Amino acid sequence: MSRSKAPPLPEPLRVPVADSHTHLDMQDATVEEGLARAAAVNVTTVVQVGCDIAGSRWAAETAAAHPSVHAAVALHPNEAPRIVHGDPDGWSRQGAREAGGTAALHEALTEIDALAALDHVRGVGETGLDYFRTGPEGMAAQEESFRAHIEIAKRHGKALIIHDREAHADVLRILADAGAPERTVFHCYSGDADMARICADAGYFMSFAGNVTFKNAQSLRDALVVAPRELILVETDAPFLTPAPYRGRPNAPYLIPVTLRAMAEVKGLDEDTLAEAVADNTARAFDY
């Protein structure tokens, strides 16, 4: 089977659900094709997430044009150090960039702030900390950007969408210190069961992606077991994190049923019960 070949459409869900985190701008299909495939399996809503200025503008424009799309806007944690210190290797989609310093970061955050004020923008994210791809030299820029996004989310009454990669303790510390927004979502939840209990006590939503189906991800399944039903979301993070048995092939919102069914099995719930909970939780998290 070709690794580049899109997986087949799964059996449709009986209860409509939302993909709480996707990147339609990084997928092969057009927006219309992607939404049609998702709707065919009863994934009727998607949250399109921006990672930089261009992607955030695109998310806002796409949400304005499609009633089933809600936008989230932000500078990804890895984008902040690239703005401040430059990106000579052009690792991001924008090619090589020179250092802009904190002035350039503040300018970018001002644009995110303006986009966050729009009605069809329902979230501020993905923001947070990423210690996997950014070394110690980028941590200060990441934290400054994260704190700014927290403030923007609270001021505009929008959900905060957290990207947390190998930075659990610092993410939780900053949220507690700065004061988390009323609605905070841990996208692609990556912590263990103990952290899930902390998130539950704080009322943070935990969104599970296709990696919860991976053989080596028992700690995620343990976290899902203890995560309260009323705080669970499901996402694709497409085109990344395609669920088993399609791991390594392109992900898209229409594969949400594969992940949701695996989650229902872990939780010991029937598919419809979990789908109803997830649908309600996503609408509450993003206030739509």
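Predicted model, so just to flag it, every value in this text is computed and none were measured.

A. Spotlight on the overall build of the protein. When helices and strands are tallied, the protein shows 10 helices and eight strands. Computed over the C-alpha atoms, the radius of gyration of the protein is 18 Å, within 12% of the 19 Å expected from 2.2 N^0.38 for a compact globule of 288 residues. Judged by the C-alpha coordinates and their principal axes, the protein covers about 50 × 40 × 35 Å. With 288 residues in all, the protein has 57% of them scored as buried. Of all intrachain contacts in the protein linking residues separated by at least 6 positions in sequence, the fraction that spans at least 24 positions is 71%. By element, 52% of the accessible surface of the protein is carried by carbon and sulfur atoms, the whole surface being about 11800 Å². When the 26 basic and 41 acidic side-chain charges of the protein are each reduced to a single mean position, those positions are 4 Å apart.

B. Summary view of the packing of aromatic side chains. For the structure on display, the rule yields two aromatic pairs. On the numbers, 5.5 Å between centres and 50° between planes, the contact of tyrosine 189 with phenylalanine 208 is tilted. Of this pair, tyrosine 189 sits in the loop between strand S6 (184-186) and helix H7 (193-202) while phenylalanine 208 sits in strand S7 (residues 205-208), and the two are 19 residues apart along the sequence. Of the residues examined, phenylalanine 208 reaches a relative accessible area of 1% and is grouped as buried.

C. Focus on the layout of surface pockets. In this structure, the largest pocket encloses a volume near 1000 Å³. Along the wall of the largest pocket there are 33 residues; nearest its centre are His76, Arg133, His163, Arg165 and Asp237. Top element by residues in the lining of the largest pocket is strand S5 (residues 159-165). It accounts for three residues. Taken together, the residues of the lining of the largest pocket break down into nine nonpolar, 12 polar and 12 charged.

D. Representation of helix H9 (residues 256-267) within the structure. The first and last C-alpha atoms of H9 sit 16 Å apart over 12 residues, in line with the 16 Å expected at 1.5 Å per residue. The complete set of buried residues in H9 reads Ile256, Pro257, Val258, Thr259, Leu260, Met263, Ala264 and Lys267. The inward-facing, buried residues of H9 contact strand S1 (17-22), strand S2 (43-49), S7, helix H8 (218-226), strand S8 (232-234) and helix H10 (271-286). Note on H9: the residue one or two positions beyond its end, glycine 268, has a positive phi of about 70°.

E. The arrangement of the sheet that holds strand S4 (residues 121-130) in detail. As summarised here, the arrangement of the eight strands in space is S1-S2-S3-S4-S5-S6-S7-S8, forming an open sheet in which the pairing is parallel. The open sheet has two free edges, formed respectively by S1 and S8, since each of these has just one partner strand. Going across the sheet, the axis of each strand differs from the next one's by a mean of 30°, ignoring polarity. As paired strands, S2 and strand S3 (residues 69-73) are joined by four bridges and run parallel to one another. What sits directly across from valine 47, in S3, is histidine 70. This element, helix H2 (residues 53-65), spans S2, S3 and S4 of the sheet and lies at about 160° to S3.

F. How the structure looks around the packing of H9 against H10. At a closest axis distance of 9 Å, the pairing of H9 and H10 adopts a crossing angle of 110°. By the criterion of interaxial angle, the relationship of H9 to H10 is roughly perpendicular. Crossing angle aside, the handedness with which H9 passes H10 is right-handed. Across from Leu260, Arg261, Met263 and Ala264 in H9, the residues of H10 making contact are Glu271, Leu274, Ala275 and Val278.

G. Examining the pairing of S4 more closely. Summarising burial for S4: 10 of the 10 residues are buried, a large majority. As paired strands, S3 and S4 are joined by three bridges and run parallel to one another. Along S4, the bridge assignment pairs alanine 72 with glycine 123. Where S4 meets S5, six bridges bridge the pair, whose relative direction is parallel. Opposite aspartate 130, over in S5, you have arginine 165 as the bridge partner. Tracing the backbone out of S4, into helix H5 (residues 139-156) and back to the parallel element S5 gives a crossover that is right-handed.

H. Geometry of the pattern of salt bridges. Applying the stated rule across the entire model yields 13 salt bridges. Arginine 147 is paired through a salt bridge with glutamate 143; the nearest N and O atoms lie 3.0 Å apart. Here arginine 147 and its partner glutamate 143 are both found in helix H5, four residues apart, which amounts to about one turn of the helix. As a salt-bridge pair, arginine 155 and glutamate 151 come within 2.7 Å of each other at their nearest N and O atoms. Placement of both arginine 155 and glutamate 151 in helix H5 is noted, with a separation of four residues, approximately one turn of the helix. The exposure class assigned to glutamate 151 is partly exposed, which follows from its relative accessible area of 37%. Taken together, the salt bridges that share partners define one network made up of Glu143, Arg147, Asp170, Arg173 and Asp177.

Parameters at a glance
- Residues numbered from 1 in each chain as written.
- Predicted model: local features only at pLDDT ≥ 70, side-chain atom pairs only at ≥ 80, totals over all residues.
- Heavy atoms only, no water.
- Helix = DSSP H or I, 4+ residues; strand = E, 2+ residues; numbered from the N terminus.
- Rg over C-alpha atoms; globule rule 2.2 N^0.38 Å.
- Buried < 20%, exposed > 50% of the residue type's maximum accessible area, 1.4 Å probe, protein only.
- Contact = heavy atoms within 4.5 Å.
- Areas by Shrake-Rupley, 256 points an atom, 1.4 Å probe, with all protein chains shown as cover.
- Lys, Arg positive; Asp, Glu negative; His and termini not counted.
- Charge placed at Lys NZ, Arg CZ, Asp CG, Glu CD.
- Phe/Tyr/Trp six-rings, centres within 6.5 Å; stacked < 30°, edge-to-face > 60°.
- 1 Å grid on protein atoms, 1.4 Å probe; cavity = no way out; pocket = protein on both sides within 12 Å on 5 of 7 lines; lining within 4 Å.
- Points joined across faces, edges and corners; volume = space filled by probe spheres on them.
- Nonpolar A, V, L, I, M, F, W, Y, C, P; charged D, E, K, R; others polar.
- Expected span 1.5 Å × (residues − 1).
- Pairing = 2+ DSSP bridges.
- Axes fitted to C-alpha atoms, helices over the stretch in contact; angles between N-to-C directions.
- Parallel < 35°, antiparallel > 145°, perpendicular 65-115°, else oblique.
- Left-handed = near helix turned anticlockwise from the far one by under 90°.
- Right-handed = clockwise from strand over helix to strand, strands pointing away.
- Salt bridge = Lys/Arg side-chain N within 4 Å of Asp/Glu carboxyl O.

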